Amino acid sequence: MTRRLGVVMDPIAGIHPEKDSTLTMLLEAARRGWELNYMEVGDLRLRDGRAEATARPLAVKDDNEHWFELGEGIDIGLGDLDVILMRKDPPFDLEYLAATYVLDRAEAQGALVVNRPGALRGANEKAITSWFADCCPPTLMTRSIPQLRAFMLEHNAIVVKPLYSMGGRSVFVVRPDDPNATVIFEEMTDRERRTIIAQAFVSDVAVSGDKRILMVDGSAVPHAIARIPRPGELRANIAAGGSVHPVELDDRDRAICAAVGPVLRERGLWFAGLDVIGGYLTEINVTSPTCIREIDRLFGLNVSGILLDCVEQMLSQPRII
């Protein structure tokens, strides 16, 4: 049986094919003979309660020069698709929110949406670490500058970051002796009009890096990577120039996965990426987790195959919406 897959993503012409996880998923779907339908957020709509889109037939190749071909746009009912991969990158803004409303109706009308749109709305990638506070470094979510200053004095060095961004954007390490600490707090909070996240700085990141663990249907992929900051940099994100190294899961990693996995699975967050630094959970990426390419290459895995096997299993079973 040919599956009909839709993908909602940022413009495919602008991705980096050599490291893009969404492309890897699409390549695996194509190998399985699935029909691919490409959409951007602006292609989605609701009409009289029916989820629709102008989708373009998509063909993909594992070629860093010519990785896709798009056909002419056709109007489709999203509920007629078997599965929709919601792979739009943050920021999680009002347009992203609107897209989840359309995908809610697509789900109600028959499509399996990965990850579930309602779960995406309820699971901010920075804030949901609070569900597992015992696994995390000391963390404060606030827009109060006095609270941030007191938190910094308590922990000596803290990381501050926005709630709705990705890729290490606007992430700062702040210390009490930093003459720019107050202005960083002012700018990050828009002078106490915007809530941000602060975490105690885990110094292990400079040596052992930021470990990325991928979760599929509540279970950890058996191997992971560590992203090591480049010299003079404290952000380990690949987008910020971090280098990638193979690592195995240790007992602490497995304990974190055991705590987090069942909750993610129950909520319909079937594909997620955990960030672990020095044995502490720092983020849970659920909008468009990355690093499939890197893990596949370093360990000879097929993470997309594991994910689509899970999708196939879910499609074969009755679902409760």
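Above: the structure in question.
Residues numbered from 1 in each chain as written. Predicted model: local features only at pLDDT ≥ 70, side-chain atom pairs only at ≥ 80, totals over all residues. Heavy atoms only, no water.

Student: Could you clarify how one ought to interpret the overall build of the chain in this entry?
Tutor: Along its length, the chain carries 9 helices and 18 strands. Taken over C-alpha atoms, the radius of gyration comes to 20 Å for the chain, in line with the 20 Å a tight globule of 321 residues would show. C-alpha extents for the chain along the principal axes are approximately 60 × 45 × 40 Å. Every one of the 321 residues in the chain was classed for burial, and the buried ones make up 52%. Across the chain, every contact between residues at least 6 apart in sequence was considered, and the portion connecting residues at least 24 apart equals 68%. Looking at the chain as shown, the accessible area adds up to about 14400 Å², and 49% of this sits on carbon and sulfur atoms. (Helix = DSSP H or I, 4+ residues; strand = E, 2+ residues; numbered from the N terminus. Rg over C-alpha atoms; globule rule 2.2 N^0.38 Å. Buried < 20%, exposed > 50% of the residue type's maximum accessible area, 1.4 Å probe, protein only. Contact = heavy atoms within 4.5 Å. Areas by Shrake-Rupley, 256 points an atom, 1.4 Å probe, with all protein chains shown as cover.)

Student: Honestly, the nonpolar core in this entry has me stumped. Any pointers?
Tutor: Buried together is how nonpolar side chains tend to be arranged in soluble globular proteins. Within the largest apolar cluster, 42 residues are counted, with the highest numbers of intra-cluster contacts made by L78, I84, L274, L281 and I284. Those residues in contact with L78 that lie beyond four places of it in its chain are M39, L44, A51, E52, A53, I84, V102, L103, A106 and A111. L5, C291, M314 and L315 belong to the second largest nonpolar core, which has 36 residues in total. (Core = buried A, V, L, I, M, F, W, Y, C linked by side-chain atoms within 4.5 Å.)

Student: When you look at the sheet that holds strand 12 (residues 196–200) in this model, what are you seeing that I'm missing?
Tutor: Backbone hydrogen bonds hold the strands of a sheet together, and the pairing may be parallel or antiparallel. Overall, antiparallel pairing links the 4 strands, which are arranged 9-12-10-11 in an open sheet. Looking at strand neighbours, the two that pair on one side only are strand 9 (139–142) and strand 11 (172–174), the edges of this open sheet. Recorded for the sheet is a direction-independent mean angle of 25° between the axes of neighbouring strands. In terms of strand pairing, strand 9 meets strand 12 through 4 bridges, oriented antiparallel. Residue T142 lies in a different strand from strand 12, and its bridge partner there is I196. Each of strand 10 (158–162), strand 11 and strand 12 is contacted by helix 5 (residues 181–188), which is oriented at about 25° to strand 10, the strand it contacts most. (Pairing = 2+ DSSP bridges. Axes fitted to C-alpha atoms, helices over the stretch in contact; angles between N-to-C directions.)

Student: What am I meant to see in the packing of helix 1 (residues 21–31) against helix 9 (residues 303–315) here?
Tutor: Axis angle and axis distance: for two packed helices, these are the angle between their axes and the distance between the axes, and together they describe the pair. Contact geometry for helix 1 and helix 9: axes closest at 9 Å, N-to-C directions at 65°. Pair helix 1 / helix 9 crosses with right-handed handedness. Contact residues: T24, M25, E28 and A29 in helix 1; S304, G305, L307 and L308 in helix 9. Taken together, the residues of the contact of helix 1 with helix 9 sort by class into 4 nonpolar, 3 polar and 1 charged. (Left-handed = near helix turned anticlockwise from the far one by under 90°. Nonpolar A, V, L, I, M, F, W, Y, C, P; charged D, E, K, R; others polar.)

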